[in-house]
Structures are given as C-alpha cells and as structure tokens.
Amino acid sequence: MVQMTQRWVSSCLWFVACCAFVAQVRAQVTFPVGADGLPEWAKSVGARRSPDFRPTFVANAYGAVGDGATNSTKAIQKAVDACAKVGGGTVTFKSGSYVTGAIFLKNNVDLRVDKAVTLLGSQEDADYPIIWTRVAGIEMNWPAALINVNDQKNVKISGGGTIDGRGEKWWDKYWKLRRDDYEPRGLRWASDYDAQRVRMIVVWKSSDVTLENLSLKRSGFWTVQVVYSDHVTVDGAKISDNKGPSTDGVDIDSSDHVLVQNCDIDNNDDDICLKAGRDFDGLRVNRPTEYIVIRRNIARKGGGVISFGSETSGGIRKVVAYDNRGIGTTEGIRFKSAKTRGGFVEDVLIRGLKMENVPLPFTFTLNWNPSYSYATIPKGIKEIPRHWVVLNTPVTPPERGLCEFRNITIEDVESSGAKQIFSAAGLPEKLISNVKWVNITARGQAAGVIEYSRDWTMTNVNIQTTDGLPVGTSNDKNVETPSVTKD
C-alpha cells in the first residue's frame, strides 16, 4: 500500500512537472502558426468590404473649383453629404487642384482622387474645426484632420491622385513655439501638444475603411492615423516630402485588424508606428493595438521602418511584419517606451526584412526621450491647460508605469551599412525578455550593446563589424550573443 502511494505521488509529481514544462514552452511561443508560418488571424485583417462605385457625385457640380486658389471645402462636403444621403457611392473631381479644409466622410462613400486631381490643404485655421480626438497618446481638443473618417463604416479614399497638406505653415509654427518659447521655459514636453498641427487623414472609431493608391505629401503632422478603429486597410500609399517635425507615415493607434501593405514612405519621423496611448490617460482608456499585418512596404527616410511605441499604455500585441525594406531609415525595428507609459509589447513576429544603410537596425529602450516623455509643470504658471493636467497626472503605483517587451521573434533579416547593430536597454525592474533571433546577417561598424535583458536566443546570427569586437552585455540573464567577425 505504501509503495502504491509512493508510485501515485511520483506519478502526480511527474504529471505536474510535465504540465509546468508544457506551460513554459507555450509561454515562449508568440502565437500558433500554420504551414505558411503565419497565424490564422493574419487572414482576417484589413477592410472586409468597400463602397459600390455608383452613383457618382462630381464635386464640381456642388461648386468645387479646381483652380488651385478657390476654397472648395463647403462644396466638397456638400458632394459627400449628397452621396451619403442616397446610401453611398463615389465622389469625384474634374481634373485640377482643389483647396480644401477639413472634409468629413460618411458611411458607404468612396472619395476618389484621380491621378489628374490634387487636394491642397487650406492654410486657414478656421477651415479645421476643433474637435475631440486622440493625439500623441492622450484625448484632447485638436484641429480636425484634412480628411476625417469619424464614427463611420464602409468608407474608401482612393484613385491614384495626390493629397498635399502644404504643411510648412504648421512645421514653422511648431519650431517657433518650441525653440523660442517652450524649451527656454522647460516645456519641451508640452510643445507637441500646444502647437496644434493638422494631420492629413484620421480614421476614428470606424470600421471597414480602405485607403488605397494615393500620393500623400507635406502633412502638417501625422500623415495617416488609425485610432480606435477596426478592419482598416492602407494599401499602396506613397508618402513623400514630409520634411517637417513629427510627420509620421502610418500610425496605428489602439486599433485592431489593420493591414498596411505596398506603401512607399519617406518622411521625418516614424515610418510605420504602432501606438496605444500615453501614461495616465492611455492606461485609463486601456485599449490595445492588436492583430496587425505589415507587409511589402518600403521605408526611406524616417525614424523607424517599424516602430512600437513610445505610446504603449494599452498594450501592443499580435503583430506580424514581413517582406519589408528599409533604405537609409534612421532606425530599423524600433521598440520604445518610458517609465510612465505602462502596457506591453508582446507576440511580435518580424520576418524577411532587408535594411540598407540603416544606422541602428535593432533598438530597444524603456526610457525613451526623457525631455519629451516626462512632464513637469514649472512653478509660477497660473493658467494650466487641461491637457497639461492630464499629462502630469501620476501613474500609481509607479511600477504600473513600467512597460514590458516580451515574446518577440525576428528572423530572416539582412542588414548592411549599420553604425551599431544592437542597441538594447531595458530597466533593472523590467528586463527585455524572450527575444528570439533566427537567420540574421548584419554588417556595420560596431555590434552594439544588450543590457537588462533575459532569455534571448540566437540561431544562425552572423555579425560582421569594422572593429570586430563582441556585443557588449550588462546585467543580462540567459542572453545568447552572436559570433562577431571583423569585416
């Protein structure tokens, strides 16, 4: 009887140990994949439908004038409203250039900007009414975008034409406020919020939206922002001439089932960026960005081929990016957060990425840009705007503000012309964990540094550098490093 009891106990212990092992293995897997190496959910991202092409409403019939000077905002909006009133269709333009302020698209409408058509952003502030929105991670009042899809379904913007935000006005406004006024007063963190710049296209709380085959240039602020929305496709956008500050390419913000493909992006800041809210306000909203596919895009100038953060409060997860390319982009795969953001970035698969002359191909930081990330209101300021109060609301307890980077797989990557291949800095309280590297070939000046990380594996990772020195490590746990040869 005693022996039977012992055998039973041993069997139970063995079973528990096996379960623990299986649970550990599963915890290391980002998500189940099929025969194509992609998760099943990757087939369900993007817009599920688009508007019918008939009837057609020509904006010129409602008073729009394509002479590059006449303000056609009201006329274009009338055409959109008339189209929506009959259940939807297409709004088109005769050849020409049309000055317009904020346009608000409606259910079942396709705004078709054909190749011979250019929409020019109005330079009048009054043409962009102040509305409630989310910008740079917090909800606040802000000027409407040039093209707005707010609380709508089944909308499309297409045609092969050009939308030119003529953003220099807002770029100059920002630099003047930041350099001449805010930085001397210790308000660098507030300048991005107070210099209210016009975004180009915003999809807000909407479903089944398609942006297709468009040339987008000179945005006053972010070019395309998809926020609180689902089933959105951004396909074939060419983003260029965005030389101004914060002219991101495509920002996916607390949204799900989004597809970004076949885009060519050349701008000043993040090329394709995943966001989920900032600090106290982002944690309050607590909406993740998830089920995202990013494929076959080219990033040229810009802050990151694909960036995660720094707005991570609601969490970013279930992201697949494959067959993308970076040419001269400042950074490649970029993970960034701050000590007050909170949230997480997890279950990420990056595959088939090629980078040429990208100085920093792989970056991870949990203490990004302190002068912008941490808000402090100087003493003596009496009239404090509401959004300043929001930005200064502490995250409690403090550990809630620490973001986690975990369960990330990066495979089949080629990088050449780098300055520093690895730039990874976690925190003593939050190590960057469970990063899997497979089939990586990288050449550059230096291998770089990995610190405050754990459980990194490297399989067939080959690094060639000018100095031939190994990857520097500090305060790591169970982190494999690649072999480094001198180039």
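Caption draft 1: Representation of the overall build of the protein. A tally of helices and strands in the protein yields seven helices and 35 strands. Its C-alpha atoms give the protein a radius of gyration of 24 Å, near enough to 23 Å, the size a compact globule of 487 residues would have. With 487 residues in all, the protein has 56% of them scored as buried. By sequence separation, contacts in the protein at least 24 residues apart represent 74% of the contacts at least 6 residues apart. When the accessible surface of the protein is summed, it comes to about 20,000 Å², and 51% of that surface belongs to carbon and sulfur atoms. Side chains of the protein carry 60 positive and 56 negative charges; the gap between the two charge centres is 2 Å.

Caption draft 2: Molecular detail of the side chain of Arg 278. With respect to the helices, strands and loops of the structure, Arg 278 is situated in the loop between β20 (270-275) and α5 (279-285). For Arg 278, a relative accessible area of 1% gives the class buried.

Caption draft 3: Representation of the confidence of the model for the protein in the model. Averaged over all residues, the pLDDT of the protein is 94; the fraction at 70 or higher stands at 94%. pLDDT under 50 marks residues 1-29. Its contacts with residues more than four places away, or in other chains, come to four contacts.

Caption draft 4: Just the nonpolar core, in detail. Counting residues in hydrophobic clusters, the biggest one holds 97 residues, and the most contacted among them are Ile 147, Phe 308, Phe 362, Phe 364, Trp 437 and Trp 456. With eight residues, the single largest contributor to this core is strand β30 (residues 404-425). Aside from chain neighbours lying at most four places away, what touches Trp 437 is Phe 362, Phe 364, Ile 410, Phe 422, Trp 456, Thr 457, Met 458, Thr 459 and Val 461. Listed in part, the 21 residues of the second largest apolar core include Val 135, Ile 138, Trp 142 and Val 390.

Caption draft 5: Fine view of the pattern of salt bridges. Under the defined criterion, the tally for this structure stands at 35 salt bridges. Two residues, Asp 208 and Arg 49, come together in a salt bridge whose shortest N-O distance is 3.8 Å. Of the two residues, Asp 208 sits in strand β14 (residues 207-217) while Arg 49 sits in the loop between α1 (2-28) and β1 (56-58), which places them 159 residues apart along the sequence. Judged by relative accessible area, Asp 208 falls into the buried class, the value being 5%. Accessibility expressed as a relative area gives 44% for Arg 49, which makes it partly exposed. As a salt-bridge pair, Arg 178 and Glu 183 come within 2.7 Å of each other at their nearest N and O atoms. Since its relative accessible area comes to 17%, Arg 178 is described here as buried. On the basis of relative accessible area, Glu 183 is assigned to the partly exposed category, the value being 36%.

Caption draft 6: How the structure looks around the packing of aromatic side chains. Summed over the entire model, instances satisfying the criterion amount to 20 aromatic pairs. Geometrically, the ring pair formed by Trp 41 and Tyr 291 is edge-to-face, given 5.3 Å between the ring centres and 75° between the ring planes. Pair noted here: Trp 41 is in the loop between α1 and β1 and Tyr 291 is in strand β21 (residues 289-295), with a separation of 250 residues, a long-range link. Pairing Phe 221 with Trp 222 gives two aromatic rings, centres 5.1 Å apart and planes at 10°, and the pair type is stacked. With respect to burial, Phe 221 and Trp 222 carry one shared label: buried. Among the aromatic residues, those joined into a ring-pair cluster are Phe 308, Phe 335, Phe 362, Phe 364, Phe 405, Phe 422, Trp 437 and Trp 456. The ring centre of Trp 175 lies 4.0 Å from the NZ or CZ of Arg 179, which sits over that ring. The residue whose ring lies beneath Arg 197 is Tyr 174, and the NZ or CZ to ring-centre distance is 4.1 Å.

Caption draft 7: Spatial organisation of the layout of surface pockets. Approximately 360 Å³ is the volume attributed to the largest pocket. Along the wall of the largest pocket there are 23 residues; nearest its centre are Arg 188, Asp 192, Ser 246, Asp 269 and Trp 368. Where the lining of the largest pocket is concerned, the elements lending two or more residues are α3 (168-182), α4 (188-194), β20 and β26 (331-336). Residue contributions to the lining of the largest pocket peak at three residues, all from α3. Of the residues in the lining of the largest pocket, the class split is eight nonpolar, five polar and 10 charged.

Parameters at a glance
- Residues numbered from 1 in each chain as written.
- Predicted model: local features only at pLDDT ≥ 70, side-chain atom pairs only at ≥ 80, totals over all residues.
- Heavy atoms only, no water.
- Helix = DSSP H or I, 4+ residues; strand = E, 2+ residues; numbered from the N terminus.
- Rg over C-alpha atoms; globule rule 2.2 N^0.38 Å.
- Buried < 20%, exposed > 50% of the residue type's maximum accessible area, 1.4 Å probe, protein only.
- Contact = heavy atoms within 4.5 Å.
- Areas by Shrake-Rupley, 256 points an atom, 1.4 Å probe, with all protein chains shown as cover.
- Lys, Arg positive; Asp, Glu negative; His and termini not counted.
- Charge placed at Lys NZ, Arg CZ, Asp CG, Glu CD.
- pLDDT = per-residue confidence, 0-100.
- Core = buried A, V, L, I, M, F, W, Y, C linked by side-chain atoms within 4.5 Å.
- Salt bridge = Lys/Arg side-chain N within 4 Å of Asp/Glu carboxyl O.
- Phe/Tyr/Trp six-rings, centres within 6.5 Å; stacked < 30°, edge-to-face > 60°.
- Lys NZ or Arg CZ within 6 Å of the ring centre and 35° of its normal.
- 1 Å grid on protein atoms, 1.4 Å probe; cavity = no way out; pocket = protein on both sides within 12 Å on 5 of 7 lines; lining within 4 Å.
- Points joined across faces, edges and corners; volume = space filled by probe spheres on them.
- Nonpolar A, V, L, I, M, F, W, Y, C, P; charged D, E, K, R; others polar.

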